[in-house]
Structures are given as C-alpha cells and as structure tokens.
Amino acid sequence: KEFGVRELERQVARIVRKVSKKKAEGKNIKINLNSKNLSSYLGPERFNDLEDNKNDVGVVTGLAWTPYGGEILKLESILIDEVGDTILTGRLGEVMQESAKIAISFIKHNHKKLKVDLKIFKDKRIHIHAPAGAVPKDGPSAGVSMMSSMVSLLTNQKIKDSIAMTGEITLHGKVLPVGGIREKVLAAIRSGISLVILPKDNKGDFDNIPKHLSEKIKVKYVSNVFEIFKEIY
C-alpha cells in the first residue's frame, strides 16, 4: 500500500525495538514473526482487501490506478422511485461523470439487445455511488465498471463474485485500452480476485507482468461491452 519503502523501514524498526526491549528485560525468548502474530507487534491490520471482492445486483468491482499503486474500486447503483437526472456521488471527477453519461446513452440505444425496459427511465432515476466518498476519483478506466453496474441493475442480474475489470468505453460499446495495468492487476491479486477483465489492446501490458504473478489470476480480454456481459453473470 505504500509508495516507497520508508514506511516499511519504520515498521521493521518498531518490531526490532519491541524485540530488543524483551531481550533487555532478560526474557530468553525465541522470536518467530509470521502473519498470525505480527499484529501483536504492529497493532491491528489497517487494510483488509479480501472483504472487497463480493459483487451483487448493481455492484461491480473496478480497478483503479493511484500514485501509490493499484486499488480496487467498488461501484454500486440503485433505482429510486422518482423522476430526475442520474445521481453521481463519491467525488467522481468530470471524466467519470462523462463515462456514466456514455453508459446510459449506450444502454438506451441498445435497450432491446440488453432487454432493458425504457419505461424505467421515465419513472425512476439511477443513483451511482463509489464508496470511500472522501477520496476524489477520476479517469476513463471506470467506464466498463459503470456500464456493467447499470446493466446489472436494470436487468436484475447479480454479477459473479471475485471478478474485477477496467477499461474505457465509447458510445458504440467499444472497450479502449487504459494505463496502469500492472498496478491494477497486482491490486486484483492482492484482493483475492480470480478473474480480471481487460481491454484487448492491453494484452501486451499484461504479458509484461512477471509470470510468477500473472499466473495467479485469470484474464479475459474484451473489445466490446457485450463480451463483458457474457462473462460477469
């Protein structure tokens, strides 16, 4: 989770100080650090990604790039019994807001193929939210996630667990390549994701990931959003 190694050095130093104190107190103990007893030296875990790979109707796991590495990004949508424009919350930037508009236009244009009732848009409105609302979010990478979240919601189909995705979308449903593939895939592996959906044109980026890491996760390459819908339900 850290951008560099200075924080790692600090945490190692904390452990060393506590072990040294026990030795100085004359305690003749053997220290064996592992994942089970590490919290007794460093305190409770600050991050627990493994809880974030569950999806549901209208809920999808996206992948994001940050200056500190890759992150999983949950997107959720619900229907509200009132007429109005789509609600976007979670400090979404201008590009992400445009991705939401593109997704809605695509769904309306392809409502017959998607088996979406257009009357829904006359009687209800969609609320899209990205948790961790205090953190600003932007970029085109969440396009496929927003599309999948809304199609899941409007067709009442639960998205499979342990699937994550990234990619930009167009009005014609094409999936365009995005950056930060290495960081995003590593975040998916760290979070226990079993399948990651990537733009077809990002295959070269995935191939550059060391084999001992890339073999830990399955990948599906797509060039249009209809290929995504075949995988996620």
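Residues numbered from 1 in each chain as written. Predicted model: local features only at pLDDT ≥ 70, side-chain atom pairs only at ≥ 80, totals over all residues. Heavy atoms only, no water.

S.K.: I'd like to hear about the environment of Leu154, residue by residue, with values.
M.R.: Here Leu154 shows up in helix H6 (residues 143-155). Apart from the residues within four sequence positions on either side, Leu154 is in contact with Leu79, Ile107, Val116, Ile120, Phe121 and Ile126. (Helix = DSSP H or I, 4+ residues; strand = E, 2+ residues; numbered from the N terminus. Contact = heavy atoms within 4.5 Å.)

S.K.: Run through the packing of helix H3 (residues 94-109) against H6, naming residues and quoting values.
M.R.: Interhelical geometry of H3 versus H6 gives an angle of 45° and a closest axis separation of 9 Å. Between H3 and H6, the angle falls in the class oblique. For the element pair H3 and H6, the recorded crossing hand is right-handed. Mapping the contact onto sequence places Met96, Ser99, Ala100, Ala103, Ile104, Phe106 and Ile107 in H3 and Gly143, Met146, Met147, Met150, Val151 and Leu154 in H6. Here the contact of H3 with H6 is composed, by residue class, of 11 nonpolar, 2 polar and no charged. (Axes fitted to C-alpha atoms, helices over the stretch in contact; angles between N-to-C directions. Parallel < 35°, antiparallel > 145°, perpendicular 65-115°, else oblique. Left-handed = near helix turned anticlockwise from the far one by under 90°. Nonpolar A, V, L, I, M, F, W, Y, C, P; charged D, E, K, R; others polar.)

S.K.: How would you summarise the nonpolar core if you had to cite specific residues and measurements?
M.R.: By size, the foremost hydrophobic cluster in this structure holds 37 residues, and its most contacted members are Ile107, Met147, Met150, Met165, Ile228 and Ile232. Among the secondary structure elements, those contributing two or more residues to this core are strand E2 (69-80), H3, helix H5 (119-123), strand E4 (125-129), H6, strand E5 (163-165), strand E8 (195-199) and helix H10 (225-232). It is H6 that contributes the most residues to this core, 7 residues altogether. Aside from chain neighbours lying at most four places away, what touches Ile232 is Ser148, Lys158, Ile159, Lys160, Ile163, Met165 and Ile197. Core analysis: the next-biggest nonpolar cluster, separate from the first, contains 15 residues, Val178, Val196, Leu213 and Ile217 among them. (Core = buried A, V, L, I, M, F, W, Y, C linked by side-chain atoms within 4.5 Å. Buried < 20%, exposed > 50% of the residue type's maximum accessible area, 1.4 Å probe, protein only.)

S.K.: Outline the side chain of Lys184, listing residues and values.
M.R.: Within the fold, Lys184 resides in helix H7 (residues 181-190). Glu183 provides the closest opposite charge to the buried, unpaired Lys184, separated from it by 8.0 Å. Within the local environment of Lys184, its side chain forms a polar contact with the side chain of Ser141, the two groups lying 2.9 Å apart. Here Lys184 is in contact with Leu63, Ala64, Trp65, Gly70, Ser141, Thr166, Val178 and Gly179, once residues within four sequence places are set aside. (Lys, Arg positive; Asp, Glu negative; His and termini not counted. Salt bridge = Lys/Arg side-chain N within 4 Å of Asp/Glu carboxyl O. Polar contact = N/O pair within 3.5 Å; in protein donor to acceptor, adjacent residues only side chain to side chain.)

S.K.: Tell me about the pattern of salt bridges, residues and numbers included.
M.R.: Counting across every chain of the model gives 7 salt bridges. A salt bridge links Asp207 to Lys203, with the nearest nitrogen and oxygen atoms 3.1 Å apart. Within this pair, Asp207 and its partner Lys203 are both found in helix H8 (residues 203-207), separated by 4 residues, close to a single helical turn. Among the residues examined, Asp207 registers a relative accessible area of 47% and is labelled partly exposed. The exposure class assigned to Lys203 is partly exposed, which follows from its relative accessible area of 40%. Ionic contacts of the salt-bridge type, sharing partners, join the residues Lys54, Lys158 and Asp161 into one network.

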